[in-house]
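Structural overview for review
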Amino acid sequence: LQVASPSGLYANRNFYAEICALVAVVLISERLWLWLIPVAPGLLLTGARGALLACGVAVAAMAWRARRTMRFALLAFAALIGTLIVASMFHKGDASIVIRWELWKSAVQYITVFGYGLGTFSEEVPKMASMLAEHPHNEILEYGFDTGLIGLTILSLFVLSLARGGLKTESFVLIAFFV
């Protein structure tokens, strides 16, 4: 067993990083900067690109409501996160990107208007694409596969409704969660 990065106490490193990303979004939105110190290692040292992306997208969304000086700082932080993600993608020996790309292509290829039903990705895709996978490792693609274009439309309308009353901390957390 080879461990590439720390995971936390008996936890899946990706789950740990995702929780840290959601907490970081709350802390940044509420401007509780010092509380980021204990959260940052769980987000940065795990190497979880999805959690970094979620945090970066939410922080970029925060920049829209921020004042001019704060907007620059938030966009710089989002750009730093983007740089970390790109740098980690070119890490030698990381085959997960190639595997995920194939899963995503399979999921997109078989999205229909009505979908196949919730939780059917692991049963349907191997029949269609000769690829064995339980999930496409992308929540939006899995939701699209399961519920079809109609479900994706409803999800998109829900996400757009988050901004209707103005973006608040809860909206940013949901944005990060969906990413």
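Residues numbered from 1 in each chain as written. Predicted model: local features only at pLDDT ≥ 70, side-chain atom pairs only at ≥ 80, totals over all residues. Heavy atoms only, no water.

**Considerations on the packing of aromatic side chains**
Tallied over the full model, the rule gives four aromatic pairs. When the ring of Tyr116 is compared with that of Phe145, the centres are 4.6 Å apart and the planes differ by 25 degrees; the resulting orientation is stacked. Separated by 29 residues along the polypeptide, Tyr116 in the loop between α5 (96-109) and α6 (121-129) and Phe145 in helix α7 (residues 139-161) bring together distant segments of the chain. On the basis of relative accessibility, which here comes to 30%, the residue Tyr116 falls in the partly exposed class. When the ring of Phe121 is compared with that of Phe145, the centres are 5.1 Å apart and the planes differ by 75 degrees; the resulting orientation is edge-to-face. With Phe121 in helix α6 and Phe145 in helix α7, this pair connects stretches of sequence that are 24 residues apart. Among the aromatic residues, those joined into a ring-pair cluster are Tyr116, Phe121 and Phe145. (Phe/Tyr/Trp six-rings, centres within 6.5 Å; stacked < 30°, edge-to-face > 60°. Helix = DSSP H or I, 4+ residues; strand = E, 2+ residues; numbered from the N terminus. Buried < 20%, exposed > 50% of the residue type's maximum accessible area, 1.4 Å probe, protein only.)

**Topic: the side chain of Thr120**
With respect to the element layout, Thr120 can be found in the loop between α5 and α6. Side-chain polar atoms of Thr120 contact the backbone oxygen of Gly117, separated by 2.7 Å. Not counting residues within four places of it along the chain, the set of residues in contact with Thr120 comprises Phe145 and Asp146. (Polar contact = N/O pair within 3.5 Å; in protein donor to acceptor, adjacent residues only side chain to side chain. Contact = heavy atoms within 4.5 Å.)

**A word on the confidence of the model for the protein**
When the pLDDT values of the protein are averaged, the result is 79; 84% of them are 70 or greater. Mean pLDDT per element in the protein: α6 is the minimum at 71, and helix α1 (residues 13-29) is the maximum at 91. (pLDDT = per-residue confidence, 0-100.)

**Here's the deal with a nonpolar patch on the surface**
A grouping of Leu44, Leu45, Phe77, Leu80 and Leu84 is seen on the molecular surface, where their side chains present a nonpolar patch of about 450 Å² in accessible area. When residues in the nonpolar patch are grouped by element, the largest group, three residues, is from helix α4 (residues 68-89). (Patch = residues over 30% accessible without salt bridge, like charges linked within 9 Å, V, L, I, M, F, W, Y side chains within 5 Å. Areas by Shrake-Rupley, 256 points an atom, 1.4 Å probe, with all protein chains shown as cover. Salt bridge = Lys/Arg side-chain N within 4 Å of Asp/Glu carboxyl O.)

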